[in-house]
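For reference, the chains in residue letters:
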Amino acid sequence: MDEKVLECPVRDEINDFCSCPKTDCENHGLCCVCIIAHKNRVDDPILKRFPHCLRDLVKEAMGE
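Residues numbered from 1 in each chain as written. Predicted model: local features only at pLDDT ≥ 70, side-chain atom pairs only at ≥ 80, totals over all residues. Heavy atoms only, no water.

**What about the layout of surface pockets?**
Thinking step 1. In this structure, the largest pocket encloses a volume near 400 Å³.
Thinking step 2. If you go around the largest pocket, you meet 21 residues; those closest to its centre are Cys20, Cys34, His38, Pro51 and His52.
Thinking step 3. Top contributing element to the lining of the largest pocket by residue count: helix H3 (residues 31-39), with five residues.
Thinking step 4. In terms of residue class, the lining of the largest pocket is made up of 12 nonpolar, five polar and four charged. (1 Å grid on protein atoms, 1.4 Å probe; cavity = no way out; pocket = protein on both sides within 12 Å on 5 of 7 lines; lining within 4 Å. Points joined across faces, edges and corners; volume = space filled by probe spheres on them. Helix = DSSP H or I, 4+ residues; strand = E, 2+ residues; numbered from the N terminus. Nonpolar A, V, L, I, M, F, W, Y, C, P; charged D, E, K, R; others polar.)

See below:
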């Protein structure tokens with residue numbers, strides 16, 4: 001992984017607003033890495049293929 005991503009200058013600020021309950025995840029606060037990790041979960045249900053912070057929007061779009 002790119003050092004610049006791991007040293008994200010706003011990671012602490014993002015973590016303050018991140019709604020994901022998995023605070024021990026190595027991707028917590030690294031939105032771009034989190035999105036890629038979830039997108040690559042091709043065998044999971046569609047909702048799990050989106051980061052926690054976007055799931056309400058997905059549910060809304062799906063009419064749930």
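After that view, the rundown keeps rolling.
**Some points on the side chain of arginine 55**
Thinking step 1. Residue placement: arginine 55 occurs in helix H4 (residues 55-61).
Thinking step 2. Here the side chain of arginine 55 touches phenylalanine 50 through a polar contact of 2.8 Å, landing on its backbone oxygen. (Polar contact = N/O pair within 3.5 Å; in protein donor to acceptor, adjacent residues only side chain to side chain.)

**Focus on H3**
Thinking step 1. For H3, the complete set of buried residues consists of Val33, Cys34 and His38. Looking straight down H3, one finds that the buried residues subtend no more than 130° of arc, so they occupy a single side. Away from its buried face, by an angle of more than 90 degrees, H3 presents the exposed residues Ile36 and Lys39. (Buried < 20%, exposed > 50% of the residue type's maximum accessible area, 1.4 Å probe, protein only. Arc of directions from axis to C-beta.)

By themselves these figures say nothing about function.
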